[in-house]
Amino acid sequence: MKRKGWAKFIVVAIVLAFIQLPLTAQTLHFNSTEVEYNNQPVKVSYLHQDQQGFIWLGTSQGLLRYTGTNYQIFSLPGDSAAHPVSAIYEDSQQQLWVGYNDGTLAKRKGQQLVPVISSQKHITTPITAILETKDHTLWVATYGQGIYYGKGKKFYHLDTKQGLPDAYTYSLTTDKAGRVWVGTDRGIAVISLNENKPKIEVINSKHGLPDNIVTAISSLPTGEMMIGMQSAGVTKYNPTSKQFTILPASLDWNYGSITKLQPQQNGVWLGTDNNGLFWLSTDGLILQPASAETGKSKVSDLLTDSEGHIWIAGNSPTVLKAKLAIRTVQELEGKNMLAVLAARDKSIWFATEKGLFRKQGSAAVRSYLKQAGKYQVVSLYEDKWGYIWVGTMGQGVLRLNPETGNYKQLSITDGLVNENVLGISGKGNELWFATLGGVSKCTITGDGAIDDVAYSFRNFTQQNGLGINYIYQAFIDSKNRVWFATDGKGITMLQNGSFTNFSEKQGIKSKTVYSITEDKNGHIWFSTLNAGVYSYNGKTFRNYSLQNGLHDLNITSLAADTRGNILLMNQLGLDVLNPETGNVLSYGKDAGISKPDPDLNVVSTAANGQVWFGTQNGLIGYDPAFATQQFKPKTRLQDVQVFFKSVAGREHHVFDHDSNHFTFDYTGLWYQNPEDVTYRVKLDGYDRNWTDSRNHTITYPNLPPGNYTFRVVSSAAPAFSEAEAITYSFEIAPPFWRTYWFYALTFLAGVSALYLFVKWRENRLRESERQEKDRMMFQFETLKSQVNPHFLFNSFNTLISTIEEDPDAAVVYVERLSDFFRVMLTLREKNLIPLQEELDLIRDYAFLQQQRFRENLQVTAEVPQGALHKYVAPLTLQLLLENAIKHNIISKAKPLLVSVFVEENYVVVENNCQPKQTPELSTKIGLQNIRSRYQLLGAPDIKVEHTDTLFTVKIPLLNQSEDGRTDN
């Protein structure tokens, strides 16, 4: 037993010896955000970024959506109580799922959450994880009720009865085969479905699992599974070989329970329950804390977002955020770096006022140059043999053996053009020294692997065409051209032994060039004094300045990273410029770069691509492997409201004419510097020009009917040239009276009305013509009756007989006859006359006829006084009396009795019916003429009643209107 114990101890010791920390414990700089809602702090336990770029926070008060500037809560419907969130997940259809401590499972629908599984009905314990597999099956892990899986609203339940090792589950993930891995309190369950029937394989300590309480599982790009445990750290498992790999970092683990695993690049981020965040290399050899700021803190969730940040939630109101691309060396903070070199052996060389130093791995910092105060180091370079070349101010250049510390000094006497060496570069066995007196080219002519190396110098000065002797940097490009940054003559290129100077004539605004680099396309980049940076594609120069998004024009160092971006160190921080798009990303105080005030060209690129910059506050490392490719904000339209009611989820964007008050809520997701974001908005169909604003909303009230497209772009730089617009098209329908169909119907109605009016007018004219014709016919008939030979003959005979018998009566008879004919001539031009006048006329007519028929003709008129002011057509009653006399027998034996009286609203002419045996010739138009006249007057029709004993005609009594027409 003792031998086995010692053997185990020896193995552990050997393994621990291989555990490394990377260069001088690189750390992240975290910024903290205090999360509040309704002015009250809320505990944040879970984090998620959806595919749109929004960050969701699972809090003690529910689900919050964070845009970088504000929070929006999403609550369960009809419930104002706080529901702590315990899991957040987004599936392949961009459907957001939310699990709660009370067991409720909900999904997002528009601006609200809809429960899919309500608490107390199925799940009563906290939901710990949610996962979707390739077949779109949703898996839900719970803390106490095992696993639920299903599609839609139909879910199946798995617990220990179906083969789960334990009902308390922590995490869900899938392997490359699509199987679901579940971490439980009693090992791992690997679940596969065959026709919806589960098959469960259990992995626990019997199979080599170091700790059965599995709190986190993650799938690695290699196909292996990284497993986090409560007390044994992490381990790797190969599903194919079914073998565990012991990770050196987990031996003698004392950092507590693993809460989260987040694979990234060549390692994994480890969240712990009480000891903060760690970075673990995939091989398990490198383990380091992310930062002192996260030590001894709880990590309940991790998030690496699309902008290159890592977020930490710890079940508290404080959320931590760091930029993964920027690392600092904590033990070097506050030291003014004069030169830096990332050597091929992964060590870092740096120079301060106190001398030259080397830091390699976890070893202590080593000091070089015994007479440190003698040399002011300003430049460093590693040749192909591993020797370090040290440029100094006033002491020439030193060639240093890193192993022995021995060095050889080269000065003017050895052929160096000047002993103030500001920059060193080289390729192969050639080195170039940029000095205050020109440029020296040093060629290693002998064995470079020895200290006492053979060499030769060739110097270039202003007299050789260099332009000026004050040179900040010499740079060798991929075409073996040598470029020189000069102080006063712009940039100079040496090609095939010939110098070419580029300055103001080529559009370069500054004569002073500080730093030079080359991008992956072979374009040359150089920084200038107060004029920004220039790129040269072999033909033309292009300038980038503050208007293009640079944050500072005092650029002291340039470098090109492995992704093709140009890094620009300046007085405010680090700008990263994408040459393809021209977009600029800035890292400043929030990334841990505070008042860098760097010296010129204190920059070096390591073999792994990490770029190191020296500042007055230590070393800043930029790792492109962790850098984001998102260089601009993501513009998102959060909501569209009509009269302050959301219509964002509406499928059809056609609105009624009175639904015309629109509010657009938008944001530019830019979590690293949300305060830099500005917006430009335009409503096509309404706005003529774009409107610049920092507001997140804009309202358009009382929009007229029409088609519109709302456009919004966001930018963190002054220019919007590369910004992509988010659009929302909609239509406000016109009211029905402004639609084409209404116009068409109105036109048709107008045409129809005009047609009907014309027809009515024509009919009216025809009626007028007919009325006039009937009137003329009536006048003609009246005239004929006036000169009726029988009437005149009978009247004259009556007159003759009266003259013979009673001359005085004859005179009266003639007067009455004269009055009768005069009245007839007067009335024939009128449409209506008072009933009184018509009664006077028939009395005269009756008098004349009674002189002939005597008592055999009896005419009586009994009309009430109120009816005398009513109106009738002229000669109507006279014509009826005439017809009665004309067509009936009048004798002593059969006297004719004619009565005129009023019945209701009619004047009635009634006579006894005793037709002549030989009827007189008749035109048969008397009654028809009367009927037609009353119809033309718009009056009720006359009524004719004919029996064997009576003949009755009823004539309407009329009121005369102002226009002369009747008003019955």
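For clarity, every value in this text was computed on a predicted model and none was experimentally measured.

A count of helical and extended segments in the protein gives seven helices and 75 strands. Dimensions of the protein, computed from C-alpha atoms along their principal axes, come out at roughly 185 × 85 × 45 Å. Buried residues in the protein amount to 50% of all 968 residues. Here the protein displays about 45,500 Å² of accessible surface, and carbon together with sulfur accounts for 50% of that area.

Aromatic ring pairs are described here by two measures, namely the spacing of the ring centres and the angle between the planes. Following the criterion strictly, the structure yields 57 aromatic pairs and no others. Arranged with centres 5.7 Å apart and planes meeting at 90°, the rings of Trp 311 and Tyr 671 form a pair that is edge-to-face. On the criterion of sequence distance, the pair formed by Trp 311 in strand β30 (residues 309-313) and Tyr 671 in the loop between β63 (662-669) and β64 (678-684) is long-range, its members being 360 residues apart. You'll find Trp 311 and Tyr 671 in the same group, each marked buried. Taking the centre distance of 6.1 Å and the plane angle of 25° together, the rings of Trp 483 and Phe 502 count as stacked. With Trp 483 in strand β46 (residues 482-486) and Phe 502 in strand β48 (residues 498-502), this pair connects stretches of sequence that are 19 residues apart. Taking relative accessible area as the criterion, Trp 483 reaches 0% and is therefore assigned buried. Feature note: the residues Phe 655, Phe 662, Phe 664, Tyr 666, Tyr 679, Tyr 686, Tyr 700, Tyr 708, Phe 710, Tyr 728 and Phe 730 constitute an aromatic cluster, connected by ring pairs. The ring of Phe 54 carries the charged tip of Arg 65 above its face, separated from the ring centre by 4.4 Å.

It is worth spelling out the UniProt feature "transmembrane region" (unreviewed entry) in the protein at this point. This chain's UniProt record puts "transmembrane region" (unreviewed entry) on residues 740-758. Structurally, residues 740-758 is divided into 100% helix and 0% strand, and its ends, taken at the C-alpha atoms, are 26 Å apart.

Attention now moves to the sheet that holds strand β53 (residues 555-560). Spatially, β53-β54-β55-β56 is the arrangement adopted by the four strands of the open sheet, whose pairing is antiparallel. Where the open sheet ends on each side, the last strands, each with one partner, are β53 and β56 (584-587). Strand after strand, the sheet turns through a mean of 20° between neighbouring axes, direction not considered. Pairing of strand β55 (residues 574-577) with β56 involves four bridges; the strand directions are antiparallel. Looking across to β56, one finds that Leu 577 is bridged to Val 584.

Another point: helix α4 (residues 807-827). In a regular helix each residue adds 1.5 Å, so 21 residues correspond to 30 Å; α4 covers 30 Å between its end C-alpha atoms and thus fits that length. When we look at burial in α4, the residues that qualify are Ala 810, Tyr 813, Leu 817, Phe 820, Phe 821, Met 824 and Leu 827. Take α4 and look down its axis: the buried residues cluster within an arc of 135°, on one side only.

Once that is clear, we can look at the nonpolar core. The tendency in soluble globular proteins is for nonpolar side chains to be buried as a group. Counting 45 residues, the largest nonpolar core has Leu 835, Leu 877, Tyr 934 and Ile 955 as the members making the most contacts within it. Put simply, the parts of the chain that give this core at least two residues each are α4, α5 (835-853), α6 (876-887), β72 (896-903), β73 (906-912), α7 (926-936) and β75 (950-956). Broken down by element, this core gets its largest block of residues, nine residues, from α5. Setting aside its immediate chain neighbours within four residues, Leu 877 contacts Leu 835, Glu 838, Leu 839, Ile 842, Val 907, Val 909 and Ile 955. In this structure, Val 576, Ile 593, Leu 683 and Tyr 728 belong to the second largest nonpolar core, which totals 39 residues.

All right, on to the pattern of salt bridges then. Under the defined criterion, the tally for this structure stands at 24 salt bridges. Here Lys 236 makes a salt bridge to Glu 224, at a shortest N to O gap of 3.6 Å. On the criterion of sequence distance, the pair formed by Lys 236 in strand β23 (residues 234-238) and Glu 224 in the loop between β21 (214-219) and β22 (225-229) is long-range, its members being 12 residues apart. A single burial state applies to Lys 236 and to Glu 224, both of which are buried. With its nearest N and O atoms 2.5 Å apart, the salt bridge here joins Asp 684 to Arg 711. Of the two residues, Asp 684 is situated in strand β64 and Arg 711 in strand β67 (residues 706-715); the sequence distance between them amounts to 27 residues. Judged by relative accessible area, which is 28%, Arg 711 ranks as partly exposed. Salt bridges linked by common partners bring Asp 175, Arg 179, Glu 201 and Lys 242 together as one network.

A separate point is the packing of α5 against α6. Contact geometry for α5 and α6: axes closest at 8 Å, N-to-C directions at 25°. In terms of their interaxial angle, α5 and α6 are classed as roughly parallel. With respect to the hand of their crossing, α5 and α6 are arranged in right-handed fashion. Seen from α5, the contacting residues are Leu 835, Glu 838, Leu 839, Leu 841, Ile 842, Tyr 845, Ala 846, Gln 849 and Phe 853; seen from α6, they are Thr 876, Leu 877, Gln 878, Leu 881, Glu 882 and Ile 885.

Taken together, the four strands give an open sheet; going across it, the order is β17-β18-β19-β20, and neighbouring strands pair in antiparallel fashion. Edge strands, defined here as strands with exactly one partner in the open sheet, are β17 (169-174) and β20 (197-203). For this sheet, the mean angle separating the axes of adjacent strands, direction not counted, is 25°. Bridge count between β17 and strand β18 (residues 180-184): five bridges; the pairing is antiparallel. Bridged to Leu 172 within β18 is Val 182.

Nonpolar side chains collect at one region of the surface, where Phe 736, Trp 737, Trp 741, Leu 745, Phe 747, Leu 748 and Val 751 lie side by side and expose about 780 Å² of accessible area between them. For Trp 741, the position within the fold is in helix α2 (residues 740-786).

The element strand β5 (residues 44-49) is extensively covered by neighbouring structure, given that five of its six residues are classed as buried. Here β5 hands over to strand β6 (residues 55-59) after five residues, with Gly 53 in that stretch at a positive phi of 105°.

In terms of residue burial, β21 counts as a mostly covered element, since five of its six residues are buried. Linking β21 to β22, which pair antiparallel, is a turn of five residues; within it Gly 223 sits at a positive phi near 95°.

This part covers α7. Of all the residues in α7, the buried ones are Gly 926, Asn 929, Ile 930, Ser 932, Arg 933, Tyr 934 and Leu 936. Gly 938, located one to two residues past α7, shows a positive phi value of around 75°.

Another point: a negative patch on the surface. Among the surface-exposed residues, Glu 804, Glu 805, Asp 806 and Asp 808 lie close enough to one another that they form a single negatively charged patch. When you line up the elements, Asp 808 lands in helix α4.

Turning to the side chain of Gln 473, a few remarks are in order. Relative to the helices and strands, Gln 473 is located in strand β45 (residues 471-476). For Gln 473, a relative accessible area of 15% gives the class buried. A distance of 2.7 Å separates a polar atom in the side chain of Gln 473 from the backbone nitrogen of Ile 516.

A few words on the confidence of the model for the protein. When pLDDT is averaged across the protein, the result is 89; 93% of the residues are at 70 or more. Residue range residues 1-23 is modelled with pLDDT below 50. Its contacts to residues more than four positions away, or to other chains, number 23 contacts. The model gives residues 783-787 a pLDDT under 50, and that stretch makes 11 contacts with residues more than four places away or in other chains.

Moving on, we get to the environment of Arg 327. Looking at where Arg 327 falls in the secondary structure, it is placed in strand β32 (residues 326-329). Classification of Arg 327 by relative accessible area gives buried; the value is 8%. It is 9.6 Å that separates the C-alpha atoms of Arg 327 and Ala 290, two residues lying 37 residues apart in sequence. Within polar-contact distance, the side chain of Arg 327 engages the backbone oxygen of Leu 324 at 2.7 Å.

With that out of the way, let us pick up the packing of α6 against α7. Orientation of α6 relative to α7, taken along the N-to-C sense of each, is 165°, at an axis distance of 10 Å. Classified by the interaxial angle, the pair formed by α6 and α7 is roughly antiparallel. Regarding α6 and α7, the two cross each other, and that crossing is left-handed. Taken together, the residues of α7 that come into contact with α6 (itself represented by Thr 876, Leu 879 and Leu 880) are Gly 926, Leu 927, Ile 930, Arg 933 and Tyr 934. By residue class, the composition of the contact of α6 with α7 is five nonpolar, two polar and one charged.

What counts and how
- Residues numbered from 1 in each chain as written.
- Predicted model: local features only at pLDDT ≥ 70, side-chain atom pairs only at ≥ 80, totals over all residues.
- Heavy atoms only, no water.
- Helix = DSSP H or I, 4+ residues; strand = E, 2+ residues; numbered from the N terminus.
- Buried < 20%, exposed > 50% of the residue type's maximum accessible area, 1.4 Å probe, protein only.
- Areas by Shrake-Rupley, 256 points an atom, 1.4 Å probe, with all protein chains shown as cover.
- Phe/Tyr/Trp six-rings, centres within 6.5 Å; stacked < 30°, edge-to-face > 60°.
- Lys NZ or Arg CZ within 6 Å of the ring centre and 35° of its normal.
- UniProt positions renumbered as here; feature names shortened; annotations may be inferred.
- Pairing = 2+ DSSP bridges.
- Axes fitted to C-alpha atoms, helices over the stretch in contact; angles between N-to-C directions.
- Expected span 1.5 Å × (residues − 1).
- Arc of directions from axis to C-beta.
- Core = buried A, V, L, I, M, F, W, Y, C linked by side-chain atoms within 4.5 Å.
- Contact = heavy atoms within 4.5 Å.
- Salt bridge = Lys/Arg side-chain N within 4 Å of Asp/Glu carboxyl O.
- Parallel < 35°, antiparallel > 145°, perpendicular 65-115°, else oblique.
- Left-handed = near helix turned anticlockwise from the far one by under 90°.
- Patch = residues over 30% accessible without salt bridge, like charges linked within 9 Å, V, L, I, M, F, W, Y side chains within 5 Å.
- Lys, Arg positive; Asp, Glu negative; His and termini not counted.
- Charge placed at Lys NZ, Arg CZ, Asp CG, Glu CD.
- Polar contact = N/O pair within 3.5 Å; in protein donor to acceptor, adjacent residues only side chain to side chain.
- pLDDT = per-residue confidence, 0-100.
- Nonpolar A, V, L, I, M, F, W, Y, C, P; charged D, E, K, R; others polar.

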